[in-house]
Amino acid sequence: MASSVDTTGKLCLDWRVPGHVERSGPSGVRTVPFNRPSLVGDEIDNILEAIRRGQLSGDGHFTRECNRIVCRLTGTKAALLTHSCTAALEMAAILADLEAGDEVIMPSFTFVSTANAVVLRGAVPVFVDIDPETLNIDPAAAAAAVSPRTRAIFAVHYAGFPADMDALAEVAQAHDLLLVEDAAQALGSRYKGRLAGSLGDLAAFSFHETKNIISGEGGALTVNRPDLVPRAEIIREKGTNRSLFLRGQVDKYTWVDVGSSFLPGELITAFLHAQLSRAEEITARRLGMFDRYMDAFADLEASGRLRRPRWSPDCEGNGHMFYLLLRDIDDRDAFIGHLRKQGTIAPFHYVPLHSSPAGVRFARASGDLSVTDDISARLVRLPLFFGLGGEIDHVIQQARQYLEQAS
Ligand SMILES: Cc1ncc(COP(=O)(O)O)c(C=O)c1O
């Protein structure tokens, strides 16, 4: 594997297994994928090390080391690795003590896992609209959605830019609600100088292969309320107090609460450790690409052709995603079709949950969701991964070709 022979200590530009063939687009042109999982070079050595250490189940050497790094990258004192962000959100929903009929306020403009975690507890997601500038949950809409059944707010940090957490914390405090960050996309991002993960009571992160730091599937829950840490450990370990046992604090472990198997094995955390160890470099590289895209489309925003990402001056992003907002759904779909013909994959985001079949069945909307409907019809994401290299120029050129012709 090309990456494992990199002895320079530098990030590898790309991941090529010998014999790997990049897919071609319909006209035979080389495809620029939306995401290509990239390696830093130490993953395989770490996996061999995990095997040498003789523990492949969870909570061994690499898990402990990863937890330590996640604490540092999130400004928190307690991080628990999980097998996905979905799992971390499900743990948060259990920690929120949700009961049937309880309500959790969240944006409709999010991934299904934010809502599913709540529905699995028998509770009801209550969808509110997003801010048209930041695309994050609108705190005023969240405040207006509070009912006697509300137990929590799940705030998503869209595209890696944190939601307005101070305004949401005010709502949460006024009504005694748990404030959870869905920080799947936001590792390393900041709000008023504070790191994502340290902004609410709990936060869920993703290490899915499309995220900045990857292990194929993977995630973490960070816990800011010390009183919730012991129960979080138990929930993650199938409802047992095995974590106490592993630390020698009890001489046998037993079933003490509800829980499930939310922890990853050591092969995954060994891989993840290699990536987490280079998190700052990976983020810096992604931010460079984000800036490159911002510059490349500045004139088209100035002329009113499109809109680039916007964020509050309180926030610092992590280069997770670059998106464009086009005029309407026809313009957006034609743009996606144009890029596909040239071999570039640029997906939209998201089908709003309030209009999905499960959203209609399990959730309810509060107030007007017109910003969500409008944004989801116009948004398109461009390829952004740390091995993108010179292909970014190709993507920009293809994008501008469409945008200038169809202006
Ligand atoms: C906002 C948000 N929440 C949750 C998830 C789920 O993450 P995972 O695939 O690690 O379960 C994602 C994944 O894309 C996401 O974007």
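See the structure printed just above.
Here goes a summary of the coordinates provided. (Residues numbered from 1 in each chain as written. Predicted model: local features only at pLDDT ≥ 70, side-chain atom pairs only at ≥ 80, totals over all residues. Heavy atoms only, no water.)

### Brief notes about the packing of aromatic side chains
Point 1. Scanning the entire structure with this criterion turns up 13 aromatic pairs.
Point 2. When the ring of Phe245 is compared with that of Tyr253, the centres are 5.4 Å apart and the planes differ by 50°; the resulting orientation is tilted.
Point 3. Relative accessible area serves as the criterion here: at 39%, Tyr253 is assigned to the partly exposed category.
Point 4. With a centroid separation of 6.0 Å and an interplanar angle of 20°, the aromatic rings of Phe297 and Phe322 are classed as stacked. Residue Phe297 is located in the loop between α10 (279-296) and α11 (298-302), and its partner Phe322 is located in strand β11 (residues 322-325); the two are separated by 25 residues in the primary sequence.
Point 5. Among the residues examined, Phe297 registers a relative accessible area of 0% and is labelled buried. (Phe/Tyr/Trp six-rings, centres within 6.5 Å; stacked < 30°, edge-to-face > 60°. Buried < 20%, exposed > 50% of the residue type's maximum accessible area, 1.4 Å probe, protein only. Helix = DSSP H or I, 4+ residues; strand = E, 2+ residues; numbered from the N terminus.)

### Things to note about the side chain of Thr240
Point 1. Relative to the elements of secondary structure, Thr240 occurs in the loop between α7 (229-236) and α8 (242-246).
Point 2. Taking the relative accessible area as the measure of exposure, Thr240 reaches 11% and is therefore buried.
Point 3. Among the polar contacts made by the side chain of Thr240, one reaches the main-chain carbonyl oxygen of Glu237 at a distance of 2.8 Å.
Point 4. Contacts of Thr240, omitting those with residues within four sequence positions, involve Glu233, Ile234, Tyr253, Thr254, Trp255 and Val256. (Polar contact = N/O pair within 3.5 Å; in protein donor to acceptor, adjacent residues only side chain to side chain. Contact = heavy atoms within 4.5 Å.)

### Topic: the site of the ligand
Point 1. Taken together, 16 residues lie around the ligand, and Cys85, Thr86, Asp182, Ser206 and Lys211 are the ones closest in.
Point 2. Within the contact set of the ligand, an oxygen atom lies 2.9 Å away from a side-chain nitrogen or oxygen of Gln185.
Point 3. It is helix α3 (residues 85-95) that contributes the most residues to the shell around the ligand, three residues altogether.
Point 4. Split by residue class, the shell around the ligand holds six nonpolar, eight polar and two charged. (Near = heavy atom within 4 Å. Nonpolar A, V, L, I, M, F, W, Y, C, P; charged D, E, K, R; others polar.)

### Focus: unusual backbone geometry
Point 1. The phi angle at Asp97 is positive, at roughly 55°, despite the residue not being glycine.
Point 2. With respect to the helices and strands, Asp97 occurs in the loop between α3 and β2 (103-107).
Point 3. For Asp97, a relative accessible area of 48% gives the class partly exposed.
Point 4. With a phi close to 60°, Lys238 is a non-glycine residue in the positive phi region.
Point 5. Relative to the helices and strands, Lys238 is located in the loop between α7 and α8.

### Considering the nonpolar core
Point 1. Core analysis: the largest hydrophobic core is formed by 60 residues, its most contacted members being Tyr293, Phe297, Leu324, Phe335 and Leu403.
Point 2. Ignoring sequence-local partners within four residues, the contact set of Leu403 consists of Phe297, Leu300, Arg305, Leu306, Leu324, Leu326 and Phe335. (Core = buried A, V, L, I, M, F, W, Y, C linked by side-chain atoms within 4.5 Å.)

### Topic: the pairing of strand β4 (residues 150-156)
Point 1. Buried residues dominate β4, accounting for six of its seven residues.
Point 2. With three bridges connecting them, β2 and β4 associate as parallel partners. Its bridge partner being in β4, Glu103 is matched across the sheet by Thr150.
Point 3. One ladder, built from five bridges, connects β4 with strand β5 (residues 178-182); its direction is parallel. Within β5, the position partnered with Phe154 by the bridge is Val180. (Pairing = 2+ DSSP bridges.)

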